[in-house]
Amino acid sequence: MLGWARQLRERGVLGMNERNTEYIMRFNPRRLYPLVDDKLLTKELALKAGIAVPELYGVIRAEHDIAGLGELVRDRQDFAIKPAHGSGGDGIMVVTGRSPRAPGLYRLADGSVISESEIGFHLSNILSGQFSLGGHRDVALLEYCIKVDPLFSEYSFQGVPDIRVIVLRGYPVMAMIRLPTRRSRGKANLHQGAIGAGIDLASGVTTYGVHGNSRAIEHPDTGATIAGLAIPRWEYLLTLAARSYELTGLGYVGVDIVLDRRFGPLILELNARPGLNIQICNRAGLRLRLERAVALPAEPDIAARVAKSRELFATAA
Amino acid sequence: MSDYKVSIFALLLAVVGLGIFAYKLRVLGFPLQPHVETQTWTVETRVAFKAAGGPVKASLFIPGLTPGFSIMAENFVSRGFGFTTPYVSGGRQVQWAVRQAEGAQTLYYRAVVYRDPTRLQSDTTPPFPPVPKLAEPFNTAMETLVERVRTRSADPTSFTAELLQQLARPNGDQEVELLLGDAPDSVDRARTAMTILAAARIPSRLVRGVQMTARERNVDVVPWLEVHDGERWLYFDPVTGNEGLPPDFLVWWRGEDPLVQLDGGSDLDVAVSIQSTAADPIVVARRRAEAHQDRIGEFSLFSLPIESQAVYGVLLAVPIGALVVVILRNIIGVQTFGTFMPVLIALAFRETKLLWGALLFSVLVAIGLSIRFYMERLRLLLVPRLAAVLTIVVLLMVFVSLVSHELGFETGLSVGLFPMVILTMTIERMSIVWEERGPGDATKQGLGSLMVAAICYLVMGIELVEHLVFVFPELLLVTLAATLLLGRYTGYRLTELLRFREMRSGEG
């Protein structure tokens, strides 16, 4: 056992306890948490800073707002419903289409059809805090539904792949892409069976895929080869991630970015407590990279930070 | 920097906690183990006499300055008599008095005493006694004996020992036989020894006491000889000459006065009886703390009403359970619903016992979960839905109690304290995890919660743990210190060694 721990330590694997005490507590002041825990606040902040995020259609704040849902989305064929304080993708409902004949029927991402009152019930659950941390009252966001970039259509079963970048003090240190599968029911959550793949920070090319606990060479539903996928506009994407530091002031964040067919990279959400599975997908320990990033000088120039990161944290050939 | 501060703080807490613990253990004698008993003795003196009809005064010596023993409780039973307990030259007395009494009278004095090694003789150094003037031929015999013993001894201690040896075994020694007289009893021997010791200018006195036994109705009051060697009092057996008090010898009073002195009565009959009893050592320790005027010992949970004591008995074990949760979550990495939900479930297990509790928990959660899934279809708002699940949980518990009662299992009836709200929240959380993350994660966390609850229950239920935290609540400071140190543990969780097993070896 001790031998195992030593091996992990030598490879620089970051554990939960160390992440919490050495990085989250040290770099993320408590008072800044609301900026990322409340997605509405994050969105407002990003809009003010001119950072690309999915467009907000409306906010459902109270039970009686639910009745106005039909009015709010009248001109929208598709939209996503999110709890402002949700975590880990809980409580997200994606509407991809509507019945042209019966305006009260909606089609979900998994193909099922539900009525407006069922959506209303989901909204009511969000409002009463079912998906929020600690069960506090919440608000529901109605926003633009991401359209998968055709480049990824072969890499994803339903859903939208998302790219997670860990950023320390504005320096991107590690990145991964999460690909939904049939098993994950279209969700980009590794726990639920999505595939995770490491991304070389220098080139933006995927390196190694993990499905569950084993290595993934191909996407199980589409057969596409996981490794060697080049993420387009990589430099811009890293810049977007690096800007999260100026945006929130949080020193240690996970930035979730999606690639939209029309709008390109959009910041979906920020996470002040990003998970550790990214290490498995990258076959690299976070701790060594974080330690190097801690030692870097404070650098106000975002482009310079991205350049430095790409130089330092390239996946060794 | 921060690590170092936490360590210092933890060390400080541990030192304070362990310090108070050690003090209470060593000095006040609080018991380390549950269910131990301390021996105490009930010493009863019965004074019976016939009153002549006029005023009656009776004085009885009672234990006061008794090295090695303390008095836990005293009773004076004396109908119609007034009494005071003054200190007199021989020790402590109870003095009974009545203006008029006639016929048979019985007075009782009863004391409960316990061993107290912290009680020592505290006495002033006595002056040198005057050399006694005896009539001849006793004076010559005395002087000869003193001379002879002095040549064979070096100091007061050896003098006394040698003298008592001579007195114990005269072997036809004329001086000794003359001084002792015919058929001497132990008091005579002690008195003779005191006379000769006075001739050698060694202070000595007669002390009376009783030998503590398990149970005896008519205990003899034994004389003992106290000799001052210039620094402290030494004890000698006047018959054998051996030094030291026998074990469990209760020193009663000193001097020549009899145990009871009576004015205005006749046919005096005095009987001392002793019975040994077992007592709770905590009671004894608390009495000792009182005697020491000790705030720490008195400041104890035992001063609370019994009902509150029972509550705190449970409450004090909770931090221990919390520490277990910390270890299981942060060191092992077990997943649970809610942080301290398992501790509360563990508290409920106290009522139901583990097997029943685990069964009950699983059954209630399983049934509650299926009903909760059905309710999803009814599309109720969150709070009413929770209230509905809560109601169903209560109904299920009533049902379980009734069924188990019919079947003859009394344990079912004790589920009353099962935390319904906790169960309801567990069901709600589990159903959300089930929906959002799948049944696998939900079951994993459910079983994790149950397992942690079971371990908490087992640890909190260790009798020694319960006893220690209740008698020595200061140990919770040590628990706190351990919790603080664990709070700065940055190493891997045990489950992470498995989670990252892919990364332990191989290519980079």
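Our subject is the structure that appears above.
A brief report on the enclosed structure follows. (Residues numbered from 1 in each chain as written. Chains lettered and ligands numbered in written order. Predicted model: local features only at pLDDT ≥ 70, side-chain atom pairs only at ≥ 80, totals over all residues. Heavy atoms only, no water.)

Glancing now at the overall build of chain A. The helix and strand tally for chain A stands at 11 helices and 13 strands. At 20 Å, chain A has a C-alpha radius of gyration in line with the 20 Å of a compact globule built from 317 residues. Split into buried and exposed, the 317 residues of chain A put 56% on the buried side. Relative to all contacts within chain A whose residues are 6 or more apart in sequence, the contacts with residues 24 or more apart total 63%. Accessible surface for chain A amounts to roughly 12900 Å². Of this, 54% is attributable to carbon and sulfur atoms. Side-chain charges of chain A comprise 39 positive and 33 negative groups, with the mean position of each set lying 4 Å from the other. (Helix = DSSP H or I, 4+ residues; strand = E, 2+ residues; numbered from the N terminus. Rg over C-alpha atoms; globule rule 2.2 N^0.38 Å. Buried < 20%, exposed > 50% of the residue type's maximum accessible area, 1.4 Å probe, protein only. Contact = heavy atoms within 4.5 Å. Areas by Shrake-Rupley, 256 points an atom, 1.4 Å probe, with all protein chains shown as cover. Lys, Arg positive; Asp, Glu negative; His and termini not counted. Charge placed at Lys NZ, Arg CZ, Asp CG, Glu CD.)

Our focus in this paragraph is the sheet that holds strand S10 (residues 222–228) of chain B. Residue and element names in this part refer to chain B. Pairing is antiparallel in the open sheet, where 4 strands are placed in the order S11-S10-S8-S12. With partners counted over all chains shown, the strands left at the sheet margins are strand S11 (233–236) and strand S12 (249–254), one partner each. With strand direction ignored, the average angle separating the axes of adjacent strands in the sheet is 40 degrees. Relative to S10, strand S8 (residues 204–211) is paired through 6 bridges, and the arrangement is antiparallel. Within S10, the position partnered with Val 207 by the bridge is Trp 224. Helix H3 (residues 156–168) rests against S10 and S11 of the sheet, and its axis sits at about 15 degrees to S11. (Pairing = 2+ DSSP bridges. Axes fitted to C-alpha atoms, helices over the stretch in contact; angles between N-to-C directions.)

Residue and element names in this part refer to chain A. Taking every second residue as pointing to the same face, both faces of strand S6 (residues 140–143) are buried, with Ala 140 and Leu 142 on one and Leu 141 and Glu 143 on the other. Of the strand pairs in this sheet, strand S1 (residues 56–60) and S6 are connected by 4 bridges, and their pairing is antiparallel. Looking across to S6, one finds that Leu 56 is bridged to Glu 143.

Here we come to the packing of helix H7 (residues 234–242) of chain A against helix H11 (residues 302–312) of chain A. Residues and elements named next belong to chain A. H11 packs onto H7 with a crossing angle of 115 degrees between their chain directions and a minimal axis gap of 9 Å. With respect to each other, H7 and H11 are oriented roughly perpendicular. Judged by the twist between their axes, the crossing of H7 over H11 is right-handed. For the pair H7 and H11, contact is made by Trp 234, Glu 235, Leu 238, Thr 239 and Ala 242 and by Ile 302, Arg 305, Val 306 and Arg 310, respectively. (Parallel < 35°, antiparallel > 145°, perpendicular 65-115°, else oblique. Left-handed = near helix turned anticlockwise from the far one by under 90°.)

A few words on the sheet that holds strand S4 (residues 105–108) of chain A. The strands that make up a sheet are held in pairs by hydrogen bonds between backbone atoms, and each pair lies either parallel or antiparallel. Residues and elements named next belong to chain A. The strand order S1-S6-S2-S3-S4-S5 describes an open sheet built from 6 strands, whose pairing is antiparallel. Strands at the two margins of the open sheet, each flanked by one partner only, are S1 and strand S5 (113–115). Along the sheet, successive strands turn relative to each other by an average axial angle of 30 degrees, direction set aside. Each of S1, strand S2 (79–83) and S6 is contacted by helix H4 (residues 39–48), which is oriented at about 45 degrees to S6, the strand it contacts most.

Moving on to the packing of helix H2 (residues 138–151) of chain B against H3(B). Residues and elements named next belong to chain B. H3 packs onto H2 with a crossing angle of 125 degrees between their chain directions and a minimal axis gap of 9 Å. The angle between H2 and H3 falls in the class oblique. At the point where H2 passes H3, the crossing takes the right-handed sense. In this structure, H2 uses Leu 145, Val 146, Arg 148, Val 149 and Arg 150 to contact H3, whose residues at the interface are Phe 159, Glu 162, Leu 163 and Gln 166. In the contact of H2 with H3, the residues fall into 5 nonpolar, 1 polar and 3 charged. (Nonpolar A, V, L, I, M, F, W, Y, C, P; charged D, E, K, R; others polar.)

This part takes up the pairing of strand S7 (residues 162–168) of chain A. All names here are of chain A. Burial analysis of S7 places 7 of its 7 residues in the buried class, which makes it a mostly covered element. In S7, alternate side chains face the same way, and those of Asp 162, Arg 164, Ile 166 and Leu 168 on one face and Ile 163, Val 165 and Val 167 on the other are all buried. Sheet topology places S7 next to strand S8 (residues 171–179); 7 bridges connect them, and they run antiparallel. When the sheet's bridge partners are listed, Asp 162 is paired in S8 with Arg 178. With antiparallel pairing between neighbouring strands as the criterion, S7 and S8 make up a hairpin whose turn holds 2 residues, including Arg 169 at a positive phi of roughly 50 degrees.

Take the pattern of salt bridges next. Residue and element names in this part refer to chain B. Per the stated rule, a full pass over the model turns up 33 salt bridges over all chains. Note that Glu 44 is salt-bridged to Arg 110, the shortest N-O span being 2.7 Å. In this pair, Glu 44 is assigned in strand S1 (residues 38–52) and Arg 110 in strand S7 (residues 102–115), connecting sequence segments 66 residues apart. Between Arg 46 and Asp 269 there is a salt bridge, with the nearest N and O atoms lying 3.8 Å from each other. (Salt bridge = Lys/Arg side-chain N within 4 Å of Asp/Glu carboxyl O.)

It is worth spelling out the side chain of B:Arg493 at this point. Looking at where B:Arg493 falls in the secondary structure, it is placed in the loop between helix H16 (475–487) and helix H17 (494–499). At 4.9 Å, B:Glu496 is the nearest oppositely charged side chain to B:Arg493, a buried residue that forms no salt bridge. Not counting the four nearest positions on each side in its chain, B:Arg493 is found in contact with A:Met16, A:Asn17, A:Asn20, B:Arg329, B:Asn330, B:Ile331, B:Ile332 and B:Gly333.

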